[in-house]
Amino acid sequence: MKPVDARAGKVCSNCNYRRQIDNRKHCPSRTCTWWKCLRCGASNDEAGRNSVVDLQGRSKRGA
Ligand SMILES: [Zn+2]
Ligand SMILES: [Zn+2]
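Reference entry: report on the structure contained in this document. (Residues numbered from 1 in each chain as written. Chains lettered and ligands numbered in written order. Predicted model: local features only at pLDDT ≥ 70, side-chain atom pairs only at ≥ 80, totals over all residues. Heavy atoms only, no water.)

Another point: the overall build of the protein. Assigned secondary structure in the protein consists of one helix and two strands. Secondary structure of the protein in N-to-C order comes out as β-β-α. Taken across its 63 residues, the protein has 30% of its residues classed as buried. The contacts of the protein with a sequence gap of at least 6 include a subset with a gap of at least 24, amounting to 38%. Accessible surface, the protein: about 4,600 Å² in total, of which carbon and sulfur atoms supply 52%. (Helix = DSSP H or I, 4+ residues; strand = E, 2+ residues; numbered from the N terminus. Buried < 20%, exposed > 50% of the residue type's maximum accessible area, 1.4 Å probe, protein only. Contact = heavy atoms within 4.5 Å. Areas by Shrake-Rupley, 256 points an atom, 1.4 Å probe, with all protein chains shown as cover.)

Our focus in this paragraph is the coordination of the zinc ion (ligand 2). In ideal tetrahedral geometry, four donors around a metal make angles of 109.5 degrees, whereas ideal octahedral geometry with six donors gives angles of 90 or 180 degrees. The coordination sphere of the zinc ion (ligand 2) contains the protein donors Cys-12 (SG), Cys-15 (SG), Cys-37 (SG) and Cys-40 (SG), at a distance range of 2.3 Å. For the zinc ion (ligand 2), the four donor atoms in the first shell make angles of 105 to 114° at the metal, so the coordination geometry reads as tetrahedral. For Cys-15, a relative accessible area of 17% translates into the label buried. Given the relative accessible area of 0%, Cys-37 is considered buried. (Donors = N, O, S within 2.8 Å, 3.2 Å for Na, K, Ca; no water. Tetrahedral: all angles 85-135°; square planar, octahedral: opposite > 155°, others 65-115°.)

All right, on to the environment of Ala-6 then. Secondary-structure assignment places Ala-6 in the segment before β1 (35–36). When the C-alpha atoms of Ala-6 and Gly-48 are compared, they prove to be 7.7 Å apart, with 42 residues separating the residues in sequence.

Bringing the pattern of salt bridges into the picture now. By the definition in use, this model includes two salt bridges. A salt bridge links Glu-46 to Arg-19, with the shortest nitrogen-to-oxygen separation between them at 3.6 Å. Within this pair, whereas Glu-46 is found in the loop between β2 (43–44) and α1 (51–55), its partner Arg-19 is found in the segment before β1, the two being separated by 27 residues in sequence. Between Arg-49 and Asp-45 there is a salt bridge, with its nearest N and O atoms 2.9 Å apart. Judged by its relative accessible area of 32%, Arg-49 is partly exposed. (Salt bridge = Lys/Arg side-chain N within 4 Å of Asp/Glu carboxyl O.)

Before going further, it helps to examine the side chain of Ser-43. Looking at where Ser-43 falls in the secondary structure, it is placed in strand β2. Classification of Ser-43 by relative accessible area gives buried; the value is 8%. Every residue in contact with Ser-43, bar those within four places of it in the chain, is listed here: His-26, Trp-34, Trp-35, Lys-36, Arg-49, Asn-50 and Ser-51.

Below, the structure written as structure tokens:
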């Protein structure tokens, strides 16, 4: 079982900027749970994963 990041859904796991109420959706999909950080533009998912971190290979937790 993968540990869920305590920051998941609350702050950006890339820059720790708090998720805003008017946070932009990641994409038009209604089922998409990702949200985009207003500060660094990174995409975060509900599990605390982050597109930027993933791209840099630092926060990979396997699939
Ligand atoms: Zn999306
Ligand atoms: Zn950020």
